[in-house]
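# Coordinate inspection notes
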Protein chains: 2
Amino acid sequence: MSETVRSLGEAGVLRRIFPRLPAAAGELLGPGDDAAVVAAPDGRVVITTDMMIHGPDFRLAWSSPHDLGWKAAATNLSDIAAMGAVPTALVVAIAAPAETDIGFLEAFADGLRDCCAALAPGCGVVGGDLSVSGTLTIAVTAFGDLEGRDPVLRSGARVGDVVAVSGELGAAGTGLALLFASAPEPDAAAAAALRIEHPRALAAQLTPRPPIADGRAAAIAGATSMLDLSDGLAIDARRIAAASGVGLDLRSDALGDLGPALDGGEDHSLLATFPPGTALPGGFRPLGAVVAGEGVLVDGVPYERPSGWDPYVGWNGAAG
Amino acid sequence: MSETVRSLGEAGVLRRIFPRLPAAAGELLGPGDDAAVVAAPDGRVVITTDMMIHGPDFRLAWSSPHDLGWKAAATNLSDIAAMGAVPTALVVAIAAPAETDIGFLEAFADGLRDCCAALAPGCGVVGGDLSVSGTLTIAVTAFGDLEGRDPVLRSGARVGDVVAVSGELGAAGTGLALLFASAPEPDAAAAAALRIEHPRALAAQLTPRPPIADGRAAAIAGATSMLDLSDGLAIDARRIAAASGVGLDLRSDALGDLGPALDGGEDHSLLATFPPGTALPGGFRPLGAVVAGEGVLVDGVPYERPSGWDPYVGWNGAAG
């Protein structure tokens with residue numbers, strides 16, 4: 001007989017899940033009381049929160065529960081890294097249908113654990129919540145330590161700075177486009193075949209590996225602005241431009257395939273600006289320069305292609 | 001023409017919502033970047049997270065959006081208070097159907113604001129997330145400051161301690177029972193009539209006012225254990241008993257109407273134990289004593305009535 005959220009109850013599920021989760025190095029009090037207590041060594045804590053909803057944000061035909069745990073952790077860790085901080089802890093609330101099998105939630109927990117171990121060693125899960133809902137919903141809140149440094153904001157780019165990126169450009173968007181093109185409705189067999197045929201793009205979409213450690217490295221190297229690329233380079237670069245009152249001029253020869261690089265969402269790479277002459281740290285590579293003006297340019301020409309990142313619009317959230 | 005989540009988009013909704021939200025006194029960086037930064041003056045941060053799901057956790061026929069914002073804040077603030085901490089900040093993720101009117105979200109934000117102002121001045125909303133979902137879902141993560149004190153755990157009750165409570169006992173459960181009894185399905189007119197007829201019980205259920213400041217006061221007075229009453233006194237007192245390796249003997253003459261007091265959920269009152277002779281702080285009143293043994297007793301007799309807190313089971317989550 002299968003064990004489900006309904007048959008085990010919240011307490012029973014949590015007893016099975018918590019032992020699988022990684023402890024945080026900074027955990028002073030973990031799960032089991034009304035709240036957790038986490039170290040904030042420099043007297044500040046960096047906080048970000050993000051939800052993933054079945055339908056708009058993922059399909060169960062495409063993502064395994066391990067993938068979902070991995071991606072829920074990775075996307076939140078990336079927002080912490082984008083401040084120049086080191087991720088310290090996560091809390092994870094999940095709402096799942098009552099008939100959800102415990103094996104699904106165990107694999108989800110393993111995905112959280114494996115992502116933290118791979119991308120942010122020392123970061124762990126210090127608490128959570130389990131609810132019943134008709135719509136599988138994952139809400140992660142992540143915490144980080146600035147180690148005494150100022151946070152790296154979107155507003156500090158200055159004319160003459162180098163624009164640089166660490167991580168993939170466009171692969172996650174390409175992966176999603178391949179998934180949408182592979183079958184009229186989300187289809188597990190088609191997704192499995194695509195993973196073999198296009199491993200890099202599918203991994204970028206389903207199990208992203210944002211360069212978490214490069215957030216701290218960028219801050220130490222003196223980054224003047226930084227953000228996590230979630231909605232595509234064109235949209236996100238425009239955010240730095242607007243917040244800083246400058247333009248970002250990108251070089252087409254640094255971008256590769258322009259369409260995916262500029263308009264593909266969910267890269268979770270780090271876009272940053274550095275003072276001229278900075279030795280770019282970690283995996284950062286130059287993309288262009290900060291210029292007087294506004295918005296995003298490519299080879300000096302304003303990039304005006306209307307772009308938005310909402311590929312799931314019009315899809316039936318209940319399907320797949 | 002009405003303005004909805006779909007017509008305004010995430011950025012448009014957030015522009016309307018954020019100005020309504022209270023700033024936190026400890027906010028070092030608020031909404032608008034990849035993450036927020038909040039002060040953690042003693043080098044630690046208390047963290048709790050909780051989801052509210054349409055169907056299992058609330059009905060739109062019974063709760064106004066202002067009520068929902070209020071309750072989402074209050075229940076999380078109460079978990080922070082139960083550690084002996086002072087609430088400093090919230091992040092709030094909400095997933096709502098695309099056709100949700102902006103007025104609904106504005107009233108929800110006002111409920112968050114009014115609850116913080118009333119129960120935890122200085123606590124504010126430092127960040128959030130907005131998603132589209134078929135199931136209205138609210139995920140709040142709350143933060144607190146221990147002001148240099150140790151957190152008050154569930155495990156510190158000692159034989160001879162006084163058992164005490166601050167806040168209502170049973171009113172929230174009575175309010176919910178009245179709502180369920182009032183009509184065969186959730187009904188707004190019936191709920192409105194009940195609010196007039198039974199204002200205290202309905203307010204306890206729909207807009208709880210947990211004694212947030214008494215958490216800090218209890219810690220300062222030397223409370224040996226404390227928790228937030230969410231699943232009913234009998235279940236929650238058993239948690240302190242189990243964690244501390246003791247029994248909690250309650251006096252029937254202190255409980256009032258036994259059934260609701262012991263088995264009514266969602267009081268969000270604070271149950272604590274204090275060393276004998278402690279002058280009970282704030283709104284705390286004595287309920288009994290910590291004794292050798294285990295579990296919960298009433299007038300020395302083990303209280304074994306099977307009790308659980310899941311009154312929505314069997315109701316159709318889509319209705320109301």
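Computed from a predicted model, the values in this text were never measured in an experiment. (Residues numbered from 1 in each chain as written. Chains lettered and ligands numbered in written order. Predicted model: local features only at pLDDT ≥ 70, side-chain atom pairs only at ≥ 80, totals over all residues. Heavy atoms only, no water.)

### Quick notes on the environment of Asp114(B)
Residue and element names in this part refer to chain B. Put simply, the rule reads: Secondary structure elements follow DSSP: runs of H or I of four or more residues count as helices, runs of E of two or more count as strands, with numbering from the N terminus. Burial here depends on accessible area, computed with a 1.4 Å probe over protein chains only, as a share of the maximum for the residue type. Under 20% is buried, over 50% is exposed, and the range in between is partly exposed. We call two residues in contact when some of their heavy atoms are within 4.5 Å.
Tracing the backbone through its elements, the reader meets Asp114 in helix α3 (residues 102–119). Looking at Asp114, the relative accessible area reads 26%, which means it is partly exposed. Not counting the four nearest positions on each side in its chain, Asp114 is found in contact with His66 and Trp70.

### Quick look at the domain arrangement of chain A
Residues and elements named next belong to chain A. Threshold: Bear in mind that the domain bounds are from an automatic or database domain assignment. What makes a salt bridge here is a side-chain nitrogen of Lys or Arg within 4 Å of a carboxyl oxygen of Asp or Glu, nothing more. Each polar contact in these results corresponds to two N or O atoms within 3.5 Å; when the atoms are within protein, one needs to be able to donate a hydrogen and the other to accept it, and residues that are neighboring in sequence are counted only if both atoms are side-chain atoms.
Domains assigned within chain A are domain 1 (5–145) and domain 2 (162–170 + 210–302). Taking the mean C-alpha position of each, domain 1 and domain 2 sit 28 Å from one another. Of the residues lining the interface, 14 residues belong to domain 1; the matching set on domain 2 comes to 11 residues. One can count 1 salt bridge joining domain 1 with domain 2. Run the count over domain 1 and domain 2 and you get 3 residue pairs in polar contact (both at pLDDT 80 or more). Of all the secondary-structure elements, those providing two or more residues to the side of domain 1 that touches domain 2 are α2 (65–81) and β4 (86–96). Here the element with the most residues in the side of domain 1 that touches domain 2 is α2; it accounts for 7 residues.

### Side note on the sheet that holds strand β12 (residues 295–298) of chain B
Two modes of strand pairing occur in sheets, parallel and antiparallel, and in both the strands are linked by backbone hydrogen bonds. Residues and elements named next belong to chain B. Just so we agree on the cut-off: Here, a strand pair is defined by DSSP locating no fewer than two bridges between the strands. Axis definition: a line fitted to C-alpha atoms, over the contacting stretch in the case of helices. Angles run 0 to 180 degrees between N-to-C directions.
Ordered in space as β8-β10-β7-β11-β9-β12-β13, the 7 strands form an open sheet in which the pairing is mixed. This sheet does not close on itself; its edge strands, each paired only once, are β8 (225–228) and β13 (301–302). Inspection of the sheet shows β8 paired to strand β10 (residues 270–274) by 4 bridges, in the antiparallel sense. For Leu227, the partnering residue across the bridge sits in β10 and is Leu271. Together, β8, β9 (247–250), β10, β11 (285–291) and β12 form the strand contacts of helix α8 (residues 233–244), whose direction differs from that of β8 by roughly 145 degrees.

### Here's the deal with the relation of the copies chain B and chain A
Filter applied, for reference: Superposition of the copies was done by least squares, using only C-alpha atoms of residues whose pLDDT is at least 70 in both.
When chain B is fitted to chain A, the best match, at an RMSD of 0.0 Å, comes from turning it 180 degrees and sliding it 0.0 Å along the axis. Both chain copies can therefore be described as sitting about a two-fold axis. Measuring from the rotation axis to each C-alpha of chain B, the shortest distance belongs to Gly43(B), at 2.3 Å.

### Focus: helix α1 (residues 5–17) of chain A
Owing to its 3.6 residues per turn, the α-helix brings residues three or four apart onto one side. All names here are of chain A. So the rule is basically this: Take the residue count of a helix, subtract one, and multiply by 1.5 Å to get its expected span.
Counted at 1.5 Å a residue, the expected span for α1 with its 13 residues is 18 Å, but the 12 Å between its end C-alpha atoms falls short. Buried residues of α1: Val5, Gly12, Val13 and Ile17, and no others. Of the surrounding secondary structure, the elements contacted by the buried residues of α1 are α3 (102–119) and β5 (124–132). The opening residue of α1, the one whose side-chain oxygen lies 3.2 Å from the backbone nitrogen of Arg6, is Thr4.

### Notes on the sheet that holds strand β3 (residues 44–53) of chain A
Strand order in this open sheet of 6 strands is β5(A)-β4(A)-β6(A)-β3(A)-β2(B)-β1(B), and the pairing throughout is mixed. Single-partner strands in this sheet number two, and they are β5 of chain A together with β1 (27–29) of chain B. For this sheet the average axis-to-axis angle between neighbouring strands, irrespective of direction, equals 25 degrees. Examined bridge by bridge, β4(A) and strand β6 (residues 137–145) of chain A share 9 bridges and lie antiparallel to one another.

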